[in-house]
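In case you want the letters, here they are:
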Amino acid sequence: MRGIPGWRRLRLAGWRRCTLAFLLAWAAGWVVLSALLLLLHGSAFSERCTDEDGHRILARLCLDYSSGALTGDLCEDLCVAQKLVYKHCLYYDRGKKVIQADWRGQPIILKSKKEIFSSYQHLSMLDEVETQDIPEREILLMVALEVKNVLGLELSNNSTGPLWTRRKGPHWKAQVASMWSLLQQEEYIFFSLLQDFSKHVLRIIGSCGHFYAVEYLTAGHAWHKTLFPLENIVGPSLAGRRSRVKAIIDIALSFLDMVQHFDNDFSHRLHLCDIKPENFAIRHDLTVVAIDVDMAFFEPKMRDILEQNCTGDEDCNFFDCFSKCNLKIRRCGAQRANNNLQVICDKIFRRWFSPSLRGPLVSFPLQPQLQKAVQECAELGHVDATMHQRTLKSLIELYHLLRVSQQELQRVE
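Residues numbered from 1 in each chain as written. Predicted model: local features only at pLDDT ≥ 70, side-chain atom pairs only at ≥ 80, totals over all residues. Heavy atoms only, no water.

- Going by what an unreviewed UniProt entry lists, the chain is known as Divergent protein kinase domain 1C and is assigned to Gallus gallus.
- Taken from UniProt, the Sequence similarities (unreviewed entry) comment for the chain reads in full: "Belongs to the DIPK family."
- Within the UniProt record for the chain, the comment given under Subcellular location (unreviewed entry) is "Endoplasmic reticulum membrane". (UniProt positions renumbered as here; feature names shortened; annotations may be inferred.)

### Quick look at the overall build of the chain
Item 1. Counting its secondary structure elements, the chain contains 14 helices and 13 strands.
Item 2. Within the chain, contacts between residues separated by at least 24 positions form 64% of all contacts whose residues are at least 6 apart in sequence.
Item 3. Total accessible area computed for the chain in this model is approximately 22400 Å², and 55% of it derives from carbon and sulfur atoms. (Helix = DSSP H or I, 4+ residues; strand = E, 2+ residues; numbered from the N terminus. Contact = heavy atoms within 4.5 Å. Areas by Shrake-Rupley, 256 points an atom, 1.4 Å probe, with all protein chains shown as cover.)

### Some remarks on the packing of helix 10 (residues 241–264) against helix 14 (residues 387–412)
Item 1. At their nearest, the axes of helix 10 and helix 14 sit 10 Å apart, and the two run at 155° to each other. The orientation of helix 10 relative to helix 14 falls into the category roughly antiparallel. The two elements helix 10 and helix 14 meet at a crossing, and its hand is left-handed. Facing helix 10, whose interface residues are Arg242, Val245, Lys246, Ile249, Asp250, Ala252, Leu253, Leu256, Asp257 and Gln260, helix 14 presents Leu395, Leu398, Tyr399, Leu402, Arg403, Ser405, Gln406, Leu409 and Val412.
Item 2. Split into classes, the residues belonging to the contact of helix 10 with helix 14 amount to 11 nonpolar, 3 polar and 5 charged. (Axes fitted to C-alpha atoms, helices over the stretch in contact; angles between N-to-C directions. Parallel < 35°, antiparallel > 145°, perpendicular 65-115°, else oblique. Left-handed = near helix turned anticlockwise from the far one by under 90°. Nonpolar A, V, L, I, M, F, W, Y, C, P; charged D, E, K, R; others polar.)

### Side note on the nonpolar core
Item 1. Residues Phe190, Phe228, Phe255, Phe280, Phe349, Trp352 and Phe353 are the most contacted members of the largest nonpolar core, which totals 105 residues.
Item 2. Broken down by element, the residue count for this core peaks at 12 residues, all from helix 10.
Item 3. Looking at this core, you find at least three residues from each of domain 1 (51–215) and domain 2 (230–412).
Item 4. Within the second largest apolar cluster, 6 residues are counted, among which are Phe297, Ile305, Leu306 and Cys321. (Core = buried A, V, L, I, M, F, W, Y, C linked by side-chain atoms within 4.5 Å. Buried < 20%, exposed > 50% of the residue type's maximum accessible area, 1.4 Å probe, protein only. Domains from an automatic or database assignment.)

### Describing the pairing of strand 2 (residues 96–103)
Item 1. Buried residues dominate strand 2, accounting for 7 of its 8 residues.
Item 2. By the bridge criterion, 7 bridges tie strand 2 to strand 3 (residues 106–112) in an arrangement that is antiparallel. Among the inter-strand pairings, Trp103 is bridged to a residue of strand 3, identified as Gln106.
Item 3. Linking two consecutive strands that pair antiparallel, namely strand 2 and strand 3, is a turn of 2 residues; a positive phi of about 55° is found at Arg104 within it. (Pairing = 2+ DSSP bridges.)

### Description of the state of the cysteines
Item 1. For the structure shown, the criterion picks out 7 disulfides.
Item 2. Across a sulfur-sulfur distance of 2.1 Å, Cys49 and Cys89 are joined as a disulfide pair. On the S-S bond that ties Cys49 to Cys89, the torsion sits near -115°, and the link is left-handed. Here Cys49, found in the loop between helix 2 (42–46) and helix 3 (51–66), pairs with Cys89, found in strand 1 (residues 84–93); they are 40 residues apart in sequence, far enough to count as distant.
Item 3. A residue is classified by how much of its surface remains accessible, and Cys89, at 12% relative accessible area, is buried.
Item 4. A sulfur-sulfur separation of 2.0 Å characterises the disulfide bridge that pairs Cys273 with Cys321. The sign of the S-S torsion, about -100°, decides the handedness of the disulfide formed by Cys273 and Cys321: left-handed. (Disulfide = S-S within 2.5 Å.)

Given below as structure tokens:
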């Protein structure tokens with residue numbers, strides 16, 4: 001009988017040792033897992049955007065400007081006159097550098113794919129010729145070939161104006177070198193070419209070397225209740241329900257205008273393959289603006305991207321753009337099987353006009369009709385002989401319902 005308490009003490013001590021060993025093993029596992037996560041995602045920490053990074057980038061840019069390696073219409077204001085003033089470093093990941101600044105009292109964004117000017121491919125012919133010895137036609141041909149390579153578009157010499165300013169002078173080599181660094185950035189080419197043709201793309205304000213400046217707009221976000229910060233766009237007056245509804249209807253109409261414009265008003269259809277609120281912004285006049293076009297492709301480039309080997313339809317998906325797999329030849333179709341309108345209806349309009357588990361976002365005039373039209377628009381089906389007619393019908397119906405909703409709201413006022 002005297003041995004029983006000792007046995008219990010022994011069992012208790014053993015249980016404690018096992019518990020301690022388990023806790024130590026669990027803690028060690030978390031340490032190892034954290035170390036692996038840090039190793040795998042170290043870039044997320046090393047690429048963290050700081051003011052130190054921003055100031056260092058611009059200081060290096062101005063050093064290259066003072067040495068005569070690069071130039072641009074914003075360099076003097078940035079590096080000498082101090083009329084372009086650094087504010088924040090916004091993004092410093094995967095090579096893309098994005099900096100917020102004030103230029104003569106106007107907020108702007110400075111962007112470049114790479115931090116250092118010398119990181120861009122050098123134009124070797126600049127080393128082989130004297131100043132201004134490269135014929136103008138050769139420069140225009142280089143620009144046209146680079147645009148074809150990047151965007152898949154054939155440009156005439158008359159269409160390259162926004163990409164080459166044709167200013168000869170003492171800094172001509174630096175101008176050509178700076179232009180060549182900008183031409184290695186797809187987004188810059190895209191925005192530059194569309195400046196005079198579309199109100200739905202960011203305006204380019206100027207450049208300095210490999211950095212180009214665009215207008216400052218606040219992007220949308222999926223977690224935002226109305227997808228876009230309406231109070232920042234037209235002021236706190238939008239706090240009221242009716243003002244919010246009016247603004248959303250105006251923005252929705254601008255989305256439809258953008259779809260129609262991108263489908264029909266260029267030499268080739270423009271496909272948006274990454275449609276989400278974060279890739280758009282709204283100007284003060286409620287115009288929708290595409291602010292991130294890394295996944296925007298004109299028809300020739302889109303066909304090249306889609307036409308790949310496949311074993312099933314899932315192999316033919318490219319973000320929000322997809323085609324069908326021809327199993328006989330195991331090749332994806334070159335023609336996109338969905339379209340911009342479908343994806344906008346699915347990813348943007350559903351959030352506004354269709355009730356969620358928490359109920360509708362806001363109450364719109366003609367809410368049931370809008371909900372049905374958006375549902376049908378998002379489910380137009382795959383490409384076939386009648387898809388164009390169905391898309392046009394859906395576009396016209398949505399235009400009509402939104403216009404009527406506008407008029408009803410005006411009558412209530």
